[in-house]
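# Observations on chain architecture
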Amino acid sequence: MAQQMQFPVSKEGEPKVEGLVLSVMDYEERNGILHLATPDQIYSVYARGILQPTSKNKRLAMPFSRVTLNYDPKYSHNMMYLINGSVDQNYWKVGESLEMQTVSSILAALIESYGIDPELYQDLEAFWSLLQQGNSNLALLHACRVVTGILKKTGTIMDVDECVVCRKKTRIAGVSVENGGFVCLEHFDPQIGDLLFSKDDLLKLRGLVKIKPDQLEVLYSFSWDLPFLVFLLDWLVYHNDHHLKSLDFLKTLLPAKKAALSKEKVAK
Ligand SMILES: [Zn+2]
């Protein structure tokens, strides 16, 4: 059943790949396995000795980076064998915020579970890059885009065209997680957990689902925050039956101001 993977090569035909580091797993003490995303595929890269403090390749295992790797294609059919490489961008500021670091690991884990495509690739890097520039508002817009991108992939995207009960397009009041989309005032049912949404939040949600990447500026004027992202992640968890441990952790960070003590406790 094991299909032989086609490894990417540079324009000159050299065994070379550029991509985003999604995660690094320890493997037999000092070795690591990098999961690297290109716009079309996720690859495993075996990195011998990379977790050794003296390893020349150590910096390639940094999270939140875009790297170019030279690999040996003959080592294994399903894993590249790392020779060396360079860090093209390291968005280290992502790691300065526990919340954003957690969001990043959730997004990376989702991409590892559901696969990558060019839009997801762009949105993940935009999330990192905007955090590096100190723009967490727009960074979160791209984080939300990663989640709605995955909802589209899994066929569990919300219906934002009309009330999911009566199909009317007027007096939309909120979102029914249970029924799968917008719901009008008449059919809004808090008993089944329907959520009342502000006009802005309805527009944001519709925009996330409908707007093409080249028209994204339309969404720049809204404010994007963690609770909205958490709503999307909850939707994904509910409709895909996918438990996300880091999401539980992210939620403990949400009322951070009030619960500074418990935050410290959880951080350990
Ligand atoms: Zn209705």
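Residues numbered from 1 in each chain as written. Predicted model: local features only at pLDDT ≥ 70, side-chain atom pairs only at ≥ 80, totals over all residues.

### Digging into unusual backbone geometry
Although it is not a glycine, Phe64 adopts a positive phi angle of roughly 55 degrees. By secondary structure assignment, the location of Phe64 is in the loop between β3 (42-47) and β4 (65-72). The residue Arg167 is not glycine, and still its phi comes out positive at about 70 degrees. Positionally, Arg167 belongs in the loop between α3 (136-153) and β6 (172-176). Look at Arg167 and you get exposed, because 10 C-beta atoms sit within 10 Å. (Helix = DSSP H or I, 4+ residues; strand = E, 2+ residues; numbered from the N terminus. Buried ≥ 20, exposed ≤ 12 C-beta atoms within 10 Å, placed from the backbone.)

### Quick word on the pairing of β3
Only one face of β3 is buried, namely the one carrying Tyr43, Val45 and Ala47, since none of Ile42, Ser44 and Tyr46 on the opposite face is buried. Across six bridges, strand β2 (residues 31-37) lies against β3 in antiparallel orientation. Residue pairing for β3: Ala37 is matched across the bridge by Ile42. Between the end of β2 and the start of β3, which pair antiparallel, lie four residues. Here two bridges tie β3 to strand β5 (residues 80-90), and the two strands are oriented parallel to one another. In the sheet register, Tyr46 faces β5, and the bridge partner there is Tyr81. (Pairing = 2+ DSSP bridges.)

### Concerning the nonpolar core
In terms of nonpolar packing, the biggest core is built from 65 residues, with Leu107, Cys144 and Leu229 touching the most fellow members. No other element matches α3, which puts nine residues into this core. Of the domains in this structure, domain 1 (16-90) and domain 2 (93-157 + 197-267) are the two that each give at least three residues to this core. The contact partners of Leu229, leaving out residues within four places of it in the chain, are Val103, Leu140, Ala143, Cys144 and Val147. (Core = buried A, V, L, I, M, F, W, Y, C linked by C-beta atoms within 7 Å. Domains from an automatic or database assignment. Contact = placed C-beta atoms within 7 Å.)

### Description of the domain arrangement of the protein chain
Under the domain assignment used here, the protein chain contains domain 1 (16-90) and domain 2 (93-157 + 197-267). Computed from C-alpha atoms alone, the centre-to-centre distance between domain 1 and domain 2 is 25 Å. Across the boundary between the two partners, domain 1 contributes twelve residues, which contact 13 residues of domain 2. No other element matches the three residues that strand β1 (residues 16-27) contributes to the side of domain 1 that touches domain 2. Residue composition of the side of domain 1 that touches domain 2, grouped by class: seven nonpolar, three polar and two charged. (Nonpolar A, V, L, I, M, F, W, Y, C, P; charged D, E, K, R; others polar.)

### So, the packing of helix α1 (residues 98-114) against α3
Running from amino to carboxyl end, α1 crosses α3 at an angle of 20 degrees, the nearest separation of the two axes being 11 Å. Judged on the interaxial angle alone, α3 and α1 are roughly parallel. In the crossing of α1 with α3, the sense of the turn from one axis to the other is left-handed. Along its contact with α1, which presents Met100, Val103, Leu107, Leu110 and Tyr114, the element α3 presents Ser136, Ala143, Val146, Ile150 and Lys153. (Axes fitted to C-alpha atoms, helices over the stretch in contact; angles between N-to-C directions. Parallel < 35°, antiparallel > 145°, perpendicular 65-115°, else oblique. Left-handed = near helix turned anticlockwise from the far one by under 90°.)

### Some thoughts on α1
End to end, α1 covers 24 Å across 17 residues, agreeing with the expected 24 Å (1.5 Å per residue, within 8%). The complete set of buried residues in α1 reads Met100, Val103, Ser104, Ser105, Ile106, Leu107, Ala108, Leu110 and Ile111. One or two positions beyond α1, positive phi appears at Gly115, with a value near 95 degrees. (Expected span 1.5 Å × (residues − 1).)

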